[in-house]
Structures are given as C-alpha cells and as structure tokens.
Amino acid sequence: MNVFRQESRLVEEILVVDDISANLILLSDMISSEGYSVLNTTSGEQAFQIAKENLPSIILLDIKMPVVDGFEVCRRLKADSVTSGIPIIFVSALDDLEAKLKGFELGGVDFITKPYRKAEVLIRVKTHIRLSQLMFQQKQHANELLAVNKQLKEEIRRREQADNALKNSEERYNAFVDANEDMIFLKDDQFRYLVVNDAMAVFFGKTKDEMLNKTDSELADEKIIFPCGSSDQRLLESDSAFIIEEQLGEHFCETTKFPVKLKGNKKGIGGIIRNITEQKKIATELKESEEKFRNLADSSPAAIGIYQDDYWVYVNRSTVEMSGYSLEELYRMRFWEIVSPDYQELILKNGQERLAGSTTPKSYEFPVRVKSGALRWAYMTGSSITFKGRPAGIITIIDITEKKKAETDILEERVLLRTLIDNLPDPVYVKNRNGRKMLSNIADIKNMGAKNEAEVLGKSDLELFNSEMGHRGYEDDIILFESGEPVINREEISIDENGVKRWLLTSKIPLFDQDGNTTGLVGIGHDITEIKKANETIQKLSQSIEQSPSSIVITDLNGDIEYVNPKFTEITGYTAAEVIGNNPRILKSGETPDEYYKDIWDTISMGEIWRGEFHNRKKNGELYWEWATMTSIKNESGKITNYIAIKEDISLRKQMEADLIIAKNKAEESDRLKSAFLANMSHEIRTPLNSIIGFSELLSDTHFDIEQKDEFIQHIIDNGNSLLTIISDIMDFSKMEAGQITFREKTIPINKFLSGINEEYIHKFKSKELNLIFEIPNTDEEIFLYTDIDRLRQIFNNLISNALKFTSKGSVTVGYEIKDEMIHFHVRDTGIGIPVQYHDRIFVRFNQVESSNTRIYGGNGLGLAITRALVEKMDGKIWIESEPEKGSTFSFMLPVQKKYVEG
C-alpha cells in the first residue's frame, strides 16, 4: 500500500467487493455514513484493477464470488508490490475455521461473518485504518533512529581506529627495541640515560628502571666505561653521527652514536652498541684454521668446493678427479654448472638461499654430468661460511653411483614383491621370532580392522586380537617356531573388525636363517566364510521351502513341474505324484485369457520377475484366488535352468477387499456430500439473513434516506421468502429421513391444477423475458390423480424453479400424456443443460453439479432429492434427459385415476 498517499489523503477511500448487489448497497451505506469515500464492484477481476489504480486505505472483500473468488483476489493483490500493503478484511457467510485460516494465510487482516452489524463493521474498519497510520509513523521514526545510530557507530569506529593505531605503534616500537640483541640507549646532554633496552640493562646488571636518569659513572666502574664518556663528549661537540670500535672491560664493541633532538631544543645522544668480542675471536681462529682446512680438504676422498658470487673460489683434488675438469676450467665455471641440466636450477636456488641464511636442506642427492658426458649420482652436503671475510658456500660431494644403482635394483624388486602381496585377495603377513608382525598386506590389515600397516607392525597377536583369539594365535606361533613344522590349510574361526565371525583356512610356513634356526614365519589366510554360509543357506532354503506357508512350484524350461512343496498339495488337493511331470495348466479355471499366460512366459523367459493374480481351480473343482511371484533360476553362467513360482491363497483377502472398497466408497461419498451440503447451506442461509438484518438495521438508522424505504423493504421480503423456502426444504428432508412425512390424499383434476401453476409463475417468467408453455392433451376427458395436492405442487415448484433458474433465454414447457395407465409429466427447458455424468447424482441428497466457491447458481442441493422422494412415495418414478447447452427435460410418472372420487 502507498502509505504516504494514505497519510496525505483528506478522506479515506474504502473498496467494497461483493457479487450480491444488496450486500454491496448495505455495506456502502454503512461506511459512507461515517464520512468515508466508498468504491465498490461486484467483480473480483475489476476489484484488482480498481485497487491498483486508486490504492484504497482498506478493502472489504467477499469470498464466494463467480469466476474469481475472494481468495484469488487477495492472492493477486498481495503478490503485486503496488497493492501488497493494503489491509484486506474478508466478508463472508462462511463461518468455518478452515476458511478463516486460509484468509489469514493469504494476508487478510480480519474476518467479518454475515450477518454483520453496522457498529461491528465500522469499528473494525476504523481500527485497521488507524493501525496502518501508526505503522507508517513508526516506520518513519525507526528510519530516523537508524540514521542517527549509523552516524554514532561511524564516529566510534573512527576513534577506536585512532586509539588502536597509537597503541599498536607504541607497542611495536618497544617490542622492536627490546628484542634487539644490540644495546640501544638515549642520553640527555648531561649524559643521563633517558631510554635503555633490555640488552643494555643486562650488560650493566641492572633493571631498566634502575638505569634511568643515571650516568655511566653512577652505574659502573670508571675504568670499564671510560671510552663511553669521551665518545659522548665528541658527539656533542661534532653534532654528527659516527661509528667507533671500543673496548669496554673484557668486551670489544662496535658503537654507533648519533645526535637526537629533545624537548626544549636540547641535544641528546642516541647510541647502538654491538658486542663483537666473539667475532674478533673467530677471525683469529679462522685464520689459524684456514691452513688446516686446506690440508684436510686436499687429502679427502670426497669432492670439496667453496663458491662465492656464484663461482668456485676453491676446489680440492678429489673435485678435479671426480668431474674430469682441470682447476682452471672449474674456476671459470659457476658452481651449479657441474650438475645435470635438469638439476641446475635447483642447485642454484638452494645455493643462493643458503647464502641468504634460509633453512635450505643441507644434504640431498642429485646427478652430476662429468666432462666425459657420463652421468654419475652424488650425495651433497652444503652450508654457508665466511671466506676471506665475505659470505660463501661450501659443498661436499660423495660419489654414490654404484650405491644408487644397487638401491634402485633392490627397490624395484621390493616394489614388485610388495605390489604382488598387497593385491592378493587373501591375508598375507610376516612375523619375527617373537611373533611380532613385520609385514601385513592390505587384506590382512582390513581383516584386523586397522586403518593402515603402521597400526599393526611390531605387535603380536596378544596385542592385536581379543583375549581368547590373541592367546590362541600367539601360542600357535610359538609351537611353530619350536617345531619348525609348517601348518597347511587349517580351519580357524576369527572375528573381523565389525565383530562378525569369519571362517579361515590358515597356512603358516617357518623362515630359517643360514644355520637352520627359525627367524620368523610367513602366514597366509583364505576366507571360506561365504562357502560355509552357502552350505548353511542351501540347507536352510531346503527346509524353508518344505515348511513354507506359501505354495512353491519349480518347473523345467518346458514348464513341466519338477517339484512342489507340501503347501501346494494342501491348497490344490493334488499330491506331488499327480503333478510332477505335468504342466501347471491343470490348475486353469478357464477364466483367465491366454494373453495373460503369454505375458507371464515372455517375462520370466527374459529373466525378469512377474507378479500377479490367478483365478485357479482345485482338484475338487473349487475356484480360488492366488497371488503369484514367478521368476527364473540361473546357474553360475547366468543361463536359465528352471522357473520357480511362489504362490499365496488370497481368496479370503479378495473378498474382504471387495467388501471394504464398497463400504469405503459409500462412506467417503456420504461424508463428502454432507460436508458440501453443510458448507453450502451455511452460505445459503446466511446470505438472505444478511440482507434481512442489514436492511432492517439501515431502516432503523436516524440518517436513513426515506426514498430507499420501499427498495429496502422489498429486499427484506424477497430474502425472507428465500430463507423460508430453504428452511422448508430442510424440514421436509428431515421428515423424509425420519420417515415422518404424511400425505393427505384426495382427487386432483390435473388440467385445473396446471392452470393454477401457470397463474403462479407467469409473472416470474415475464420478468425474465421467458416463455412458459403448457402442453395439454386435446381431449374432453378429465384426468385425475389421487394424491396430496400440496406435495404435488411442491414437485412442480421444484422442477419449474430449477428450469427458471438455469434458463436465460427461450422457454420452459410443462405438460403430460397418458401411457399404460400412468400419467407422464414433463418439465422441459432451453437452459444450460446437465452433462450426462451428473444425471444420476443430481437426485442424490446434498449433490450439486457446482460446489466450488466460484459457482454462479445458488441452491442447497435438496430440491431434486426431495422431489424424487415425493414421486417414489406416490408410487411413481422420475428421470432426466439433458445435454450441455441443449436444455433439460425432467419427467416423472404417477398412477392415473380416470374417475373423480370424493375424499
């Protein structure tokens, strides 16, 4: 709903939708009396368009309307973004919970049940209009709060970011300074410490707080820190940074000092002191060890080389011999060019990363291409060193070509053997002299319920199996180690990973060393569980077939019987000797067509399963029903060898099913008809009652327009008569159901009676511009009926009223003729007609051709049921002839009385 437009509108517009004009007038007058502007329509389709164009403040919507009912109108309005917000109040004679729930599910906000009161309608309309206005105001207020909240959140976020940035910056600075191994400090122009890091405090043996605002002389012996004072003075005088080497006590230090500007335009001293005592010591030792290294390297059988700036700067004699290159050639080569081209990029990358200080692997294997072109495998160990004061890399290479070849051969054999073992379907394992597993293939691992081989290696049966199985297996291994005798194909029971008992054929072969001592064993297991189960299954199947409550028949490929179980002989009366060798056709009843048997044969011959029913005959000639499942029996090659039928006597069930279906259909039909009747009757009673109460209330309104008085009174009279007719039908039908209807019989002249019918209906036909025609036999003889005149009139009223209701143009013809001592009446119209499938149903109580919310014609579904009951009570019969769009003819016949009889 366009809420802004609703708020700015001076007069609220309300749309009223009802297919009955009297209800439309009634609601419109109620609402307009309060100053609301009213839009109205009798069409659900037009209601949707009016709502979209005018956007009313609220809609009062009837449910039961022709073509498009109120539920569908509501669904369309809620599905359209333009009209989805308009509140909808459903107005209906339907008072059941299901209708109300459906209305609320579709988006309705309220439900007014006919007959309604003016006060109720107005208070509900006012309430929902006010709710819409409050929702609009609340939405505006919420939007304002959201905007303010968004601004506050943004301001808080900016401040938090600034605070966090400042805090993080300070924490990062302190963490960086304290994490540095060098001593870092800041002094003022009086040489007092303002800032020191952890390393500085450790050097002095103080805490950082103890050092602040103190000079070097206050913290340490003057002899130790004397150089510091002179260099501090030098910085203050020169005002430029410098690096000097100082000896502080027993430590050699490399000190960097630089000027720092402090508050108040004062000058401070910043410094970084690096302890280089170890470096000094290493440099001395390196010089001494360099000669030792050269002597050792030249005498080593391994190739040793040092590279710097990508080129060899030192290689020993073994490098020359291994590569085939001379010293001069090697010194002209970059260090990675000695290896195979495929590995040069790797050697270069690792070498450079090693110099950069990364954790590159220190040793690995790779192929070397020697000067002669031969490819040899090398094992290399590398690390970074300082050579002549600069970073360098050192590499040691050992020729492993022969070792590599032997390993490759062994590995290929092991892979081949392990692949073979792992792919064996039976468990294979190897145990050592202590009964612990050294090898376990995939089948063995699975058999023990483990995930991988690592879970079982090094474990004995005592650790791998439960108490009983573990002890049995372990003791069995010990006996084999002591005797040295193999175990071949011994049946054993084991429990798999799922706790299921399995049967195995186990073989264990001892392994011996060169001295003939047992060193272990090789075990092989073969699972025979399925074979065991198959044998047990065969035995069980044999017993189950013999004892089966179903009859079982097995035939050969020609369909001749080879086996029947005891149940077959019990049901059919034939003995096994009488049927074996014969065809099952001996059971034919003759009531099953040959095509049925052909379908069975075609199905089972293709190896498929056939299921169905048979009506067969026993030996004594008695018929019975069987439910059968038939299929083929195949051998291991998939070839069909026999056919089998499993059959169950379902004669009793078939009878029960037939009885239940009949009872179920009757119950469902009765329940459906009653439900439809009650729903329709509620609508039929409430509709006229709504007009009676509504127009009566308008007549009592002080603001009533006197010019509408006659119109309103006529509405009340017409709807009162309609309500009386409905109630009379209900009372009549109730009396008929209870068997309490009575007849006051007397002689009735037919022509005079029909003349009265003509006078009663002629004005109604003229108002609809229809012709009422009477077809009377041309005879001077008067025809009489001896029956209840009121009930006869009721029959004609029902038939003529129906014809009048369903005929929009043309005529209705009433007449009779005499046949075989019976008078045949007919009422024929040119109306809409009735489809043939409804001819029998329309005379059944509660039945109507139309029963949906969108039906066009009213009615309670009792008229024709009452008419048939009356005709049959008079010893007559009624029937219909009709086709859609060709009109209908209702005929009924009653016994004729040729002479007048007093009574």
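Residues numbered from 1 in each chain as written. Predicted model: local features only at pLDDT ≥ 70, side-chain atom pairs only at ≥ 80, totals over all residues. Heavy atoms only, no water.

Asker: Where do I start with the pairing of strand β30 (residues 822–829) in this structure?
Answerer: The side chains of a regular strand alternate, residue by residue, between the two faces of the sheet. Most of β30 is tucked away: seven of the eight residues are buried. Of the pairings in the sheet, the one linking strand β29 (residues 811–819) to β30 comprises eight bridges and is antiparallel in character. When the bridges of β30 are listed, Val 812 appears paired with Asp 829. Relative to strand β32 (residues 888–895), β30 is paired through seven bridges, and the arrangement is antiparallel. (Buried < 20%, exposed > 50% of the residue type's maximum accessible area, 1.4 Å probe, protein only. Helix = DSSP H or I, 4+ residues; strand = E, 2+ residues; numbered from the N terminus. Pairing = 2+ DSSP bridges.)

Asker: Which parts of the structure should I look at to understand a nonpolar patch on the surface?
Answerer: Together, Leu 417, Leu 420 and Leu 424 make up a nonpolar patch on the protein surface, roughly 280 Å² of accessible area in all. By relative accessible area, which is 35% here, Leu 424 ends up partly exposed. (Patch = residues over 30% accessible without salt bridge, like charges linked within 9 Å, V, L, I, M, F, W, Y side chains within 5 Å. Areas by Shrake-Rupley, 256 points an atom, 1.4 Å probe, with all protein chains shown as cover. Salt bridge = Lys/Arg side-chain N within 4 Å of Asp/Glu carboxyl O.)

Asker: Teacher, can you tell me more about the pattern of salt bridges here?
Answerer: Pairs can form between side chains of opposite charge once their charged atoms are near each other. Applying the stated criterion across every chain, the model contains 48 salt bridges. Here Lys 257 and Asp 232 are joined by a salt bridge, their closest N and O atoms 2.4 Å apart. Residue Lys 257 is located in strand β9 (residues 251–261), and its partner Asp 232 is located in helix α10 (residues 222–238); the two are separated by 25 residues in the primary sequence. Each of the two residues, Lys 257 as well as Asp 232, counts as buried. Connected via shared salt-bridge partners are Lys 431, Asp 461, Asp 476, Asp 477, Arg 490, Glu 492 and Lys 508.

Asker: Can you walk me through the nonpolar core in this structure?
Answerer: If you look at soluble globular proteins, the nonpolar side chains tend to sit buried side by side. Formed by 40 residues in total, the largest nonpolar core has its most connected members in Phe 796, Ile 823, Phe 825, Phe 892 and Leu 894. Every element with two or more residues in this core is listed here: α25 (750–767), α26 (789–805), β29, β30, α27 (863–873), β31 (877–882) and β32. The biggest single contributor to this core is α26, with seven residues. With residues up to four places along the chain from it excluded, the contact list for Phe 825 reads Ile 750, Leu 785, Phe 796, Gly 815, Tyr 816, Phe 890, Ser 891, Phe 892 and Leu 894. Counting 25 residues, the second largest nonpolar core, distinct from the first, contains Ile 58, Phe 695, Ile 716 and Leu 723. (Core = buried A, V, L, I, M, F, W, Y, C linked by side-chain atoms within 4.5 Å. Contact = heavy atoms within 4.5 Å.)

Asker: Would you take a moment to explain the side chain of Asp 232 for this structure?
Answerer: Relative accessible area serves as the criterion here: at 1%, Asp 232 is assigned to the buried category. Asp 232 has contacts with Lys 187, Phe 191, Asp 216, Lys 257 and Ile 269, leaving out every residue within four places of it along the chain.

Asker: Could you clarify how one ought to interpret the packing of aromatic side chains in this entry?
Answerer: The description of an aromatic ring pair rests on the distance of the ring centres and on the angle between the ring planes. Scanning the model with the defined rule gives 18 aromatic pairs in all. Relative to Trp 312, the ring of Tyr 307 has its centre 6.4 Å away and its plane inclined at 85 degrees; by these criteria the two rings are edge-to-face. Of the two residues examined, Tyr 307 and Trp 312, each falls in the buried class. Each ring, one from Phe 825 and one from Phe 892, has its centre 5.0 Å from the other, and the planes form 25 degrees; the classification is stacked. In this pair, Phe 825 sits in strand β30 while Phe 892 sits in strand β32, placing the two residues 67 residues apart along the sequence. Since its relative accessible area comes to 0%, Phe 892 is described here as buried. Each member of the aromatic cluster is reached from another via a ring pair, and the members are Phe 753, Phe 796, Tyr 816, Phe 825 and Phe 892. (Phe/Tyr/Trp six-rings, centres within 6.5 Å; stacked < 30°, edge-to-face > 60°.)

Asker: Could you clarify how one ought to interpret the sheet that holds strand β2 (residues 37–41) in this entry?
Answerer: Sheet strands line up and pair through hydrogen bonds in the backbone, either parallel or antiparallel. Within the open sheet, the five strands sit side by side as β2-β1-β3-β4-β5. Their pairing is parallel. The sheet is open, and its two borders are formed by β2 and β5 (110–113), each paired with just one other strand. Neighbour-to-neighbour, the strand axes of this sheet turn through a mean angle of 20 degrees, independent of strand direction. Relative to strand β3 (residues 58–62), strand β1 (residues 13–17) runs parallel, the two being bridged by four bridges. Paired with Val 17 across the strands is Leu 61, a residue of β3. Together, β3 and β4 (88–92) form the strand contacts of helix α4 (residues 70–79), whose direction differs from that of β4 by roughly 175 degrees. (Axes fitted to C-alpha atoms, helices over the stretch in contact; angles between N-to-C directions.)

Asker: Looking at this structure, how should I read the environment of Leu 122?
Answerer: Within the secondary structure, Leu 122 sits in helix α6 (residues 118–179). Sequence spacing of Leu 122 and Glu 34 is 88 residues, and the spatial spacing of their C-alpha atoms is 8.0 Å. Discounting residues that sit within four places of it in the chain, Leu 122 has contacts with Met 30, Ile 31 and Glu 34.

Asker: Sorry, what's going on with α10 here?
Answerer: Given 3.6 residues to a turn, an α-helix orients residues that are three or four positions apart in the same direction. Compared with an ideal rise of 1.5 Å per residue, which puts 17 residues at 24 Å, α10 spans 24 Å between its outermost C-alpha atoms and is within 8% of the ideal. Along α10, the residues classified as buried are Ile 225, Pro 227, Cys 228, Ser 231, Asp 232 and Leu 235. Check the buried side of α10 and you find it contacts β6 (183–187), α7 (198–204), α9 (216–219), β8 (242–248), β9 and β10 (267–275). Taken from the residues just after α10, Asp 239 is the one with a positive phi, measuring 60 degrees. (Expected span 1.5 Å × (residues − 1).)

Asker: Whenever I open this one, the sheet that holds strand β19 (residues 501–512) confuses me. Can you help?
Answerer: Overall, antiparallel pairing links the five strands, which are arranged β17-β16-β20-β19-β18 in an open sheet. The open sheet terminates on both sides in strands that have one partner only, identified here as β17 (437–440) and β18 (487–495). Neighbour-to-neighbour, the strand axes of the sheet open up by a mean angle of 25 degrees, direction not taken into account. Here β19 runs beside strand β20 (residues 518–527); their pairing, made up of nine bridges, is antiparallel. If you follow Lys 508 over to β20, its bridge partner there is Gly 523. Sheet contacts for helix α18 (residues 467–483): β16 (428–432), β18, β19 and β20; angle to β18, the most-contacted strand, approximately 165 degrees.

Asker: Help me understand the side chain of Thr 506, please; the structure alone is not making it clear to me.
Answerer: Tracing the backbone through its elements, the reader meets Thr 506 in strand β19. Taking the relative accessible area as the measure of exposure, Thr 506 reaches 5% and is therefore buried. With sequence-adjacent residues up to four places away left out, Thr 506 is seen in contact with Tyr 429, Val 487, Ile 488, Asn 489, Arg 490, Glu 492 and Ile 524.

Asker: When you look at the packing of helix α3 (residues 44–54) against α4 in this model, what are you seeing that I'm missing?
Answerer: The description of two packed helices rests on the angle between their axes and on the distance between the axes. Relative orientation of the contacting elements α3 and α4 amounts to 25 degrees, with a least axis distance of 9 Å. Taken together, the axis directions place α3 and α4 in an arrangement best described as roughly parallel. Regarding α3 and α4, the two cross each other, and that crossing is right-handed. Contacts between α3 and α4 involve Gly 44, Glu 45, Ala 47, Phe 48 and Ala 51 on the former and, on the latter, Val 73, Arg 76 and Leu 77. In terms of residue class, the contact of α3 with α4 is built from five nonpolar, one polar and two charged. (Parallel < 35°, antiparallel > 145°, perpendicular 65-115°, else oblique. Left-handed = near helix turned anticlockwise from the far one by under 90°. Nonpolar A, V, L, I, M, F, W, Y, C, P; charged D, E, K, R; others polar.)

Asker: Help me understand the confidence of the model for the chain in this model?
Answerer: Parts of the model with low pLDDT should not have their predicted coordinates read in detail. Mean pLDDT over the chain stands at 83; residues scoring 70 or higher make up 90%. β30 holds the highest mean pLDDT among the elements of the chain, 95, whereas helix α1 (residues 3–8) holds the lowest, 42. In this model residues 1–8 is a low-confidence stretch, pLDDT under 50, and it forms 24 contacts with partners more than four residues away in sequence or in other chains. Here residues 851–856 scores under 50 on pLDDT; set against residues more than four positions off or in separate chains, the count is 18 contacts. (pLDDT = per-residue confidence, 0-100.)

Asker: What is the right way to look at the state of the cysteines in this model?
Answerer: Note on terminology: disulfide describes a covalent bond linking the sulfur atoms of two cysteines. In total, this model carries zero disulfides according to the counting rule given. Cys 228 takes part in no disulfide bond, and the closest cysteine sulfur to it belongs to Cys 253, at a distance of 7.9 Å. Owing to a relative accessible area of 7%, Cys 228 belongs among the buried residues under this scheme. (Disulfide = S-S within 2.5 Å.)

Asker: Mind showing me how you'd approach the packing of α26 against α27 here?
Answerer: Where α26 contacts α27, the two axes come as close as 10 Å, and the packing angle between them is 145 degrees. In this structure, the crossing between α26 and α27 has a hand that is left-handed. Only Gly 863, Leu 864, Ile 866, Thr 867, Leu 870 and Val 871 of α27 make contact with α26, whose side of the interface consists of Arg 791, Gln 794, Ile 795, Asn 798, Leu 799 and Asn 802. Residues of the contact of α26 with α27, tallied by class, amount to six nonpolar, five polar and one charged.

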